[in-house]
Amino acid sequence: MRRRSAILEALELLREVAPTLTLAQIVTFLHIADEDEPVPMIDLQRRTHTSAVQTWRNVQALTTLGLIQVGRWKMGSITAAELSLAGQDLAARLDAMIRDASPIAAPARAAA
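Nothing here was measured: the structure is a model prediction, and the numbers come from that model.

Calculation criteria
Residues numbered from 1 in each chain as written. Predicted model: local features only at pLDDT ≥ 70, side-chain atom pairs only at ≥ 80, totals over all residues. Heavy atoms only, no water. Pairing = 2+ DSSP bridges. Helix = DSSP H or I, 4+ residues; strand = E, 2+ residues; numbered from the N terminus. Expected span 1.5 Å × (residues − 1). Buried < 20%, exposed > 50% of the residue type's maximum accessible area, 1.4 Å probe, protein only. Arc of directions from axis to C-beta. Contact = heavy atoms within 4.5 Å.

1. Looking at the pairing of strand 2 (residues 68–72)
Part 1: Bridge analysis of strand 2 against strand 3 (residues 79–83) gives five bridges, and the strand direction is antiparallel. Its bridge partner lying in strand 3, G71 is registered against A80.
Part 2: Counting the residues that bridge the hairpin from strand 2 to strand 3 gives six residues, and of these G76 lies at a positive phi of roughly 85°.

Structural data, given as C-alpha cells:
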C-alpha cells in the first residue's frame with residue numbers, strides 16, 4: 001500500500017486544525033508563512049490577487065483562528081500580518097509533510 005500524497009495529507013491537516021478555512025484563506029496563510037518578516041497588507045493583496053476587502057476578510061479569519069497576528073509594520077501606519085505561534089507550528093508541520101512527500105501518482109510498475 002502506498003502512502004498518501006503530501007498534498008492530501010496537508011489538506012487533511014488544515015481541515016483538522018481549522019475546518020472552516022476557505023481556499024483563499026489557505027493561500028493567504030501560505031503567503032504569510034512564506035516570509036520571514038511581517039507582510040504588509042498591500043503586498044498580501046497583490047500576492048493573493050484579491051481585493052483589499054477580501055484580503056482583510058481572509059486576514060481577519062486567520063486572526064480569529066489564532067494562526068496569524070496583525071500589527072503595525074516598520075513605517076508605523078502600514079498594517080502587516082505575520083504568523084502567530086500556532087501558525088508557526090502549523091507551517092512547520094506542513095513543511096515536514098512536504099519534506100517527507102510521496103508522489104501524487106504512483107510510478108508505473110515495470111512489467112514482469
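Having seen the structure, we can now continue with the description.
2. Remarks on helix 1 (residues 6–17)
Part 1: Between its terminal C-alpha atoms helix 1 stretches 16 Å, which fits the 16 Å expected from twelve residues at 1.5 Å a residue.
Part 2: Along helix 1, the residues classified as buried are A6, A10, L13 and L14. Viewed along the axis of helix 1, the buried residues span an arc of 100°, placing them on a single side of the element. Seen from the buried face of helix 1, the exposed residues on the opposite side, beyond 90 degrees, are R15 and E16.
Part 3: Where helix 1 is buried, its residues contact helix 2 (23–33) and helix 5 (85–99).

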